[in-house]
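Here are the chains, one letter per residue:
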Amino acid sequence: MQLRHNLFTRSGWEIEEREFVADDLVNNGSSYMVGNGYLGYRGTFAEWTSSQYVGCTVSDTYDTADGTWKELCNVPNGLYLQPLVGGERLSLFDGSIEHYRRSLNFRYGVHSRELRWLAAGGARAEVSDSRFASYADLHLIAARCVISSRQPVTIRLGIDSEVWSLHGEHFSSFNPVVQGDHLLVEAVTSEHADRVAVAHSHRVISDAQPVRVEQRQEVRSVYRELGFAPGKGDIAIECFMVVYTSNDLEDPVAAAVAGLRDAAAAGYEALYADHCGIWDRAWQKSAIEIDGDPRAETLVRYNTYHNLIATPAHTDHLPIGARGLSCQAYQGAAFWDQEIFNLPMFIFTDPSVARRILTYRYRTLDGARKKARDLGYRGAFYAWVSGDTGEEICPSYFFVDVLSGRRIRNHFNDWQIHVSPDIAYTVWRYYTVTGDWEFMLQYGAEMVFEIARFLVSHAYFKRDKNRFEFIRLLGPDEYHENVDNNVFTNFMARHAVGIALQTWQTLQERAPDRLDELVGAIGMDRDEVREWRAMHELIYIAPVDPQTRLIEQFDGFFDLEDILPEALQERLINPGEYWGWPNGIAVETQVSKQADVVQLFMLHPDVYELETMKANYDYYAPRTQHGSSLSFSVYAIVAAWLGYRQQAYDFFVRSATVDLFSTSKAVSGGTFIGGIHTAACGAAWQIVVMGFAEMRLADAELRFSPRLPAQWHSLRFFLQLRGAMLSVEVSHSAVTVSSAASSAETVAIAVFDARSTVEPGGSCTIRFADPVQR
């Protein structure tokens, strides 16, 4: 099946291209990457170098090279393999390509290539190679290469330390070593002197064996050259790359060498079998089946794959980066994307992973407290860009004015306060879905209390209006900074304070000793709770206009110039201009970067009447530029609820193909922002399950109000809810929920107005008439 020009799938579990296009290097390096949450290896070819954006990005290697950008490191490439055929260097940029196919199997995370190549001088070779980032050993990448040629072949392979890095050199030293059967480079980071060990070994597994072996040790890199005589048959080589850092354990060199020897002893096939078993278990939880639309099913699988490999599920002290481990863009750090777009899939399918990622937010509380304190507030103001410590690493100057060359002072790091209530929202969502009271006792309560303290200290009480307000804000729509009473922010703040009050009350009833302990630990005065209650009652939320049903995005928004994005774009002098604050073309207009008021509906679907949601969707949708990859999914979900099926489907496709079709900007305001958009990847699951199936949890009841796209016959997915393991099938006329015998609880089910229950080991089917509109 053709997905678009030069993009195909055969089974729905892979993507492949059949023509090499040099202009697609940056995007395809991300789209075809492999990874496992510990490391990500870009979808590049074995003979490529930093000039072709080769990168192996490793988690927990935060370093500042240029004094401004703290980011993850790309480590030396331990899978470099350059064939020379008849003395001519095999290159996709030279000679001619007689056959080419490159694929990413996202069922098992395998990058592979088939190539038949003719050199300018007449040498010919066929190459077949593959690699995977192991889930059985997170530090390992295994690769295999088969070369067939009638000419003599020389293969240079080993560790290439000339790495691609966005913001400068992150390593102060390199130590390349040849040690018997393996090669090793130990590099030391510039800022923290963290040690990074990259080890390489290989074995020739074919009848054709090298007649010449030479070592090549350079200042930074180390290689072996293998010479093969012609006429001996195919050359087959397995290569293994193992990475450890001193943030993993005390002696990364010894660990890398030991892991390398274990991998070489096992071999590619055995390692691959172990790796596939883990992927099979992951897909049992996260796979979505769509009967009737193989294209949509492929897109959802592709996005789910990238959400999985971006997530450091192995630890509780690292975030999901906004670009995952696809490159260094956005610093390998968490934004609000993590809680609002990435985590819902895990909360409902693999809550142990969601728990670890939320525990990361607890472990970075001190960083959030420091930020609040530095800005003159109490409590926890979470970093807009959060790395390993939780201290703010978002530069104050993120973009450059491409017209003047001057830096732009943005206020993502001090005015975009909604990140803190977004985290409180997700802590509470996790608790309501899982019932994990121990998490609330150990981590969650302290987080929501400190977030409430911050919000109360940030709010202004207007005595003349008898209300609390938030001024000088930056909401989800990042084009409009320095605004007052952004409705999304104010509403989320009230919700977060309500969560803190509810948690306080529950602790008083169930764990008063723990409450006393927390109050003492955070230095809180119990009288502060009265401030919480006052703010919760009196915070200003922009009202619904009784005539138009519209909600103003922030104070004065409707007074701005009313123009549509397409017309506004004509005012650009340079296509690379940043549209937002302080002097971008959108600042004095009603053109929004992304969903804002509609984002509020997505997170709180039961608060506003359908008529209000519809009026605001109809108003804001045409005025939204969708300059963020987050925006399409929000509009897709709300459109599905409104019965706008085709609009919902169109937004779904746009969201799910942001990376696959390379529709987003790689550079904005002079800053590289390419790579995999992990939030859009996580949102694909939400669009299908929470949008088209309209699944939500309310009052301990699992509710469905399905509005499937017309071409979908049925939809199947898995859920975990308070210990119940549920399989759900949704069609245009029925919802069937089956519970595993191992489930811990009976679950209440509602489909529109019909209700039932499903017990452990049981199943229930509720039929309905498919509505055109609610």
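Everything that follows concerns the structure shown earlier in this document.
If you're wondering where the values come from, they're calculated on a predicted model, not measured in any experiment.

A. Fine view of the packing of helix α6 (residues 351–363) against helix α9 (residues 437–458). One can describe the packing of α6 onto α9 by two numbers: an axis separation of 9 Å at closest approach and a directional angle of 45°. Classed by the angle they form, the pair α6 and α9 counts as oblique. The hand of the α6/α9 crossing is left-handed. From α6, Arg355, Leu358, Thr359, Arg361, Tyr362 and Arg363 reach across to α9, where they touch Glu438, Phe439, Gln442, Tyr443, Glu446 and Met447. Among the residues forming the contact of α6 with α9, the class breakdown is five nonpolar, two polar and five charged.

B. Quick peek at the pairing of strand β15 (residues 153–160). When you tally the buried positions in β15, you get eight out of eight residues, the bulk of the element. Looking at chain direction, strand β9 (residues 77–85) and β15 are connected through seven bridges and run antiparallel. Following the sheet pairing, Leu81 is matched in β15 by Leu157. Direction of pairing for β15 relative to strand β20 (residues 222–228): antiparallel, over a ladder of seven bridges. Pairing of Gly158 across the sheet is with Tyr223, part of β20.

C. The arrangement of the packing of aromatic side chains in detail. One pass over the full model with this rule turns up 61 aromatic pairs. Seen from their ring centres, Trp428 and Tyr431 are 5.2 Å apart, and the 50° between their planes marks the pair as tilted. In this pair, Trp428 and Tyr431 both sit in helix α8 (residues 419–434), three residues apart, roughly one turn of the helix. By relative accessible area, Trp428 is classed as buried at 13%.

D. Local environment of the sheet that holds β9. The antiparallel open sheet is built from five strands, whose spatial order is β10-β9-β15-β20-β19. The open sheet is flanked by β10 (88–89) and β19 (212–217), the only strands paired with a single partner.

E. Broad picture of the side chain of Gln553. Structurally, Gln553 is set in the loop between α12 (528–538) and α13 (565–569). Taking the relative accessible area as the measure of exposure, Gln553 reaches 2% and is therefore buried.

F. The arrangement of the pattern of salt bridges in detail. Scanning all chains against the criterion turns up 55 salt bridges. Residue Glu17 pairs with Arg102 through a salt bridge whose shortest N-O separation is 3.0 Å. With Glu17 in strand β3 (residues 14–17) and Arg102 in strand β11 (residues 96–105), this pair connects stretches of sequence that are 85 residues apart. In this pair, the class of Glu17 matches that of Arg102, namely buried. Put simply, Lys370 and Asp374 hold a salt bridge, and the shortest N to O gap is 2.8 Å. Of this pair, Lys370 and Asp374 both sit in helix α7 (residues 365–374), four residues apart, which is roughly one turn of that helix. Taking relative accessible area as the criterion, Lys370 reaches 31% and is therefore assigned partly exposed. Put simply, Asp366, Arg369, Arg378, Glu446, Glu450, Arg453, Glu528 and Glu531 are held in one network by salt bridges that share partners.

Quick notes on the rules
- Residues numbered from 1 in each chain as written.
- Predicted model: local features only at pLDDT ≥ 70, side-chain atom pairs only at ≥ 80, totals over all residues.
- Heavy atoms only, no water.
- Axes fitted to C-alpha atoms, helices over the stretch in contact; angles between N-to-C directions.
- Helix = DSSP H or I, 4+ residues; strand = E, 2+ residues; numbered from the N terminus.
- Parallel < 35°, antiparallel > 145°, perpendicular 65-115°, else oblique.
- Left-handed = near helix turned anticlockwise from the far one by under 90°.
- Contact = heavy atoms within 4.5 Å.
- Nonpolar A, V, L, I, M, F, W, Y, C, P; charged D, E, K, R; others polar.
- Buried < 20%, exposed > 50% of the residue type's maximum accessible area, 1.4 Å probe, protein only.
- Pairing = 2+ DSSP bridges.
- Phe/Tyr/Trp six-rings, centres within 6.5 Å; stacked < 30°, edge-to-face > 60°.
- Salt bridge = Lys/Arg side-chain N within 4 Å of Asp/Glu carboxyl O.

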